[in-house]
Amino acid sequence: HAVLYVFVVIPTLVLVSVPLRPPPPGAAGAPAAVGAGLRPARPIPARRHGLSEIVRGFKTFSARRVNAIRGSSRLPVWQRGFYDRVIRREEELRQVREYIVNNPPRWAGDADNPRNWR
């Protein structure tokens, strides 16, 4: 129900870039084109999901999986809220994607990394 442009998961953080409007034709996640002389089947109405619903679904299903792996039940995995940011310009999108991709190496020096606790 969502296309992820770029994402990264580190122990204390998940960073994701999600477009909120349909991708342009030919882009990843866009509807496939139909060849000459062929008609597509009657379209199935796509259900649009808001960002809060997408985040809630991600947190719900991933928390179930994490708790199944660690053999626990209903232990919290995520904080209640989330921080979103609307990106309006291509340059800003490029900078955010670069930040997301370059964030994991910063974990080594992060104050929340247990290896850095003394």
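Scroll up to find the structure this text is about.
Residues numbered from 1 in each chain as written. Predicted model: local features only at pLDDT ≥ 70, side-chain atom pairs only at ≥ 80, totals over all residues. Heavy atoms only, no water.

Draft legend 1. Seen up close, the overall build of the protein chain. For the protein chain, the helix and strand inventory stands at two helices and two strands. Going from N to C terminus, the protein chain has its helices and strands arranged as β-β-α-α. The buried share of the protein chain, reckoned over its 118 residues, is 19%. Restricting to contacts in the protein chain with at least 6 residues of sequence separation, those with at least 24 account for 42%. In the structure as shown, the protein chain presents an accessible area of about 10300 Å², 57% of it carried by carbon and sulfur atoms. (Helix = DSSP H or I, 4+ residues; strand = E, 2+ residues; numbered from the N terminus. Buried < 20%, exposed > 50% of the residue type's maximum accessible area, 1.4 Å probe, protein only. Contact = heavy atoms within 4.5 Å. Areas by Shrake-Rupley, 256 points an atom, 1.4 Å probe, with all protein chains shown as cover.)

Draft legend 2. Quick peek at a nonpolar patch on the surface. Together, Leu 4, Phe 7, Val 9 and Val 16 make up an exposed nonpolar region whose accessible area comes to about 370 Å². Its location among the elements puts Leu 4 in the segment before strand E1 (6-10). (Patch = residues over 30% accessible without salt bridge, like charges linked within 9 Å, V, L, I, M, F, W, Y side chains within 5 Å. Salt bridge = Lys/Arg side-chain N within 4 Å of Asp/Glu carboxyl O.)

Draft legend 3. The arrangement of the pairing of strand E2 (residues 13-17) in detail. By the bridge criterion, five bridges tie E1 to E2 in an arrangement that is antiparallel. By the bridge assignment for E2, Val 9 is matched with Val 14. (Pairing = 2+ DSSP bridges.)

Draft legend 4. Seen up close, the pattern of salt bridges. Counted according to the given criterion, the structure contains four salt bridges. Across the pair Arg 94 and Glu 98 runs a salt bridge whose closest N-O atoms are separated by 2.9 Å. Of this pair, Arg 94 and Glu 98 both sit in helix H2 (residues 90-102), four residues apart, which is roughly one turn of that helix. Here Glu 98 falls in the partly exposed class, since its relative accessible area comes to 43%.

Draft legend 5. Summary view of the nonpolar core. In terms of nonpolar packing, the biggest core is built from seven residues, these being Val 6, Val 8, Ile 10, Leu 15, Val 96, Ile 100 and Trp 107. Apart from the residues within four sequence positions on either side, Ile 10 is in contact with Asn 103, Pro 104 and Trp 107. (Core = buried A, V, L, I, M, F, W, Y, C linked by side-chain atoms within 4.5 Å.)

Draft legend 6. Seen up close, the environment of Val 6. Assignment of secondary structure puts Val 6 in strand E1. A relative accessible area of 14% places Val 6 in the buried class. Ignoring anything within four residues of it in the chain, the contact list for Val 6 reads Leu 15, Val 16, Ser 17, Arg 97, Ile 100 and Val 101.

Draft legend 7. Summary view of the side chain of Glu 92. Looking at the secondary structure, you find Glu 92 in helix H2. For Glu 92, a relative accessible area of 11% gives the class buried. Apart from the residues within four sequence positions on either side, Glu 92 is in contact with Arg 85, Val 86 and Ile 87.

Such coordinate-based values are descriptive only and should not be taken to indicate function.
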